[in-house]
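A look at the structure
These are the residues of each chain, in order.
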Amino acid sequence: VAQETLVFDMYGTLVNVIGIQQHLQQWIRDDAERVSRLWRQKQLEYTFLLTLLGRYEDFEQVTRKALDYALLATGHTLSDEHKVQLMARYNDLEPFPDVHEGLKTLQQKKYPLIVFSNGTPTMLRALMKSAQLEAVMEGFISADSARAYKPTRQVYQLTSTHTGRPLHEIRLISSNPFDIIGAMNAGMQATWIDRSGGIFDTLGEPPPMVVKTLVELAEKL
Ligand code: LAC
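Structure report, in brief. Keep in mind that this is a model prediction, so the values were computed, not measured.

Moving on: the site of the ligand. The immediate surroundings of the ligand are formed by Asp9, Met10, Tyr11, Arg40, Ser117, Asn118, Lys150, Asn176 and Phe178. A distance of 3.1 Å separates an oxygen atom of the ligand from a polar side-chain atom of Arg40. Asn176 places a side-chain nitrogen or oxygen 3.4 Å from an oxygen atom of the ligand. Protein chains shield 100% of the accessible area of the ligand, which is 220 Å² for the free molecule. Residue composition of the shell around the ligand, grouped by class: three nonpolar, three polar and three charged.

We now examine the side chain of Thr159. Counting through the fold element by element, Thr159 comes out in helix H7 (residues 153-163). Engagement of the side chain of Thr159 in a polar contact is seen with the backbone oxygen of Tyr156, the distance being 2.7 Å. Ignoring any residue separated from it by four or fewer positions in sequence, one finds Thr159 in contact with Val7, Phe116, Ile141, Leu167, Ile170 and Met188.

The next subject is the environment of Met87. Mapped onto the secondary structure, Met87 falls in helix H4 (residues 80-89). On a C-alpha basis, the gap between Met87 and Glu4 in space is 35 Å, while along the polypeptide they are 83 residues apart. Those residues in contact with Met87 that sit more than four places away from it in its chain are Trp39, Glu60, Thr63 and Arg64.

Counting 51 residues, the largest nonpolar core has Phe8, Met10, Tyr11, Leu14, Leu103, Leu106 and Met137 as its most contacted members. No other element matches the six residues that helix H3 (residues 59-74) contributes to this core. With residues near it in sequence (within four places) discarded, Leu106 still touches Leu6, Phe8, Tyr111, Leu113, Leu217, Ala218 and Leu221. Counting residues in hydrophobic clusters, the runner-up holds 19 residues, among them Ile141, Ala143, Ile170 and Phe200.

Mapped onto the elements of the fold, Lys150 is located in the loop between strand E3 (140-142) and H7. Residue classification places Lys150 among the buried residues on the basis of a relative accessible area of 1%. Of note is the side chain of Lys150, whose polar atom sits 2.9 Å from the backbone oxygen of Phe116. Discounting residues that sit within four places of it in the chain, Lys150 has contacts with Asp9, Phe48, Phe116, Ser117, Asn118, Val155, Tyr156, Phe178 and Asp179.

Turning our eyes to something else, we now look at the packing of aromatic side chains. Within this structure, the stated rule accounts for eight aromatic pairs. Here the aromatic rings of Phe59 and Tyr149 are separated by 6.1 Å at their centres, their planes lie at 50°, and the arrangement is tilted. Taken together, the residues Phe59 in helix H3 and Tyr149 in the loop between E3 and H7 connect sequence positions 90 residues apart. Note on Phe59: relative accessible area 1%, which makes it buried. Using a relative accessible area of 0% as the deciding quantity, one classes Tyr149 as buried.

What counts, and at which threshold
Residues numbered from 1 in each chain as written. Predicted model: local features only at pLDDT ≥ 70, side-chain atom pairs only at ≥ 80, totals over all residues. Heavy atoms only, no water. Near = heavy atom within 4 Å. Polar contact = N/O pair within 3.5 Å; in protein donor to acceptor, adjacent residues only side chain to side chain. Areas by Shrake-Rupley, 256 points an atom, 1.4 Å probe, with all protein chains shown as cover. Nonpolar A, V, L, I, M, F, W, Y, C, P; charged D, E, K, R; others polar. Helix = DSSP H or I, 4+ residues; strand = E, 2+ residues; numbered from the N terminus. Contact = heavy atoms within 4.5 Å. Core = buried A, V, L, I, M, F, W, Y, C linked by side-chain atoms within 4.5 Å. Buried < 20%, exposed > 50% of the residue type's maximum accessible area, 1.4 Å probe, protein only. Phe/Tyr/Trp six-rings, centres within 6.5 Å; stacked < 30°, edge-to-face > 60°.

So this is what it looks like as structure tokens:
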């Protein structure tokens, strides 16, 4: 049997979205983590909402509007210039410490590796470059081609269209429970990378394979 194709969620799985608080701290000293978490939460909520409405705004616009919301809701203000600076930081988020070692081992084991994300092609290209993922990844699949967001089925279908393989031969690796639920719903294999200390969405059971790091994933596969 040929190796499964492994597709990796980007934000929260390969790179640390909440790490953006380090940059926010220069303007919002004591509240940066709360604002970062709300920013992320609202960003995802907007993707769900737009997809349910049958509307599309790209992930950069969604991220920017979610930042506006997070600031409003917490009573902070940032100048447009600072917001632009912060958005630029979104394209050089830090990879988690296990990422390079895990991916290198998976590459040595001859697994095809692809990024699969809500991010726009522009965001993903920049981030893959800054996080030094270009050498191990065969490329990326952006939800932008479907003009819709995870976890709708048509977005997961892109992985099959892109690779020419049936969905059950493709495995999503994601730290985001909603993404795992979406992949399994679409008929893919899924591994949850538990970066949240065991809290999976209580809508259902976690998938059969759960790991803490990509290094552990590389040992298990
Ligand atoms: C992504 C978001 C869901 O990278 O984390 O697709």
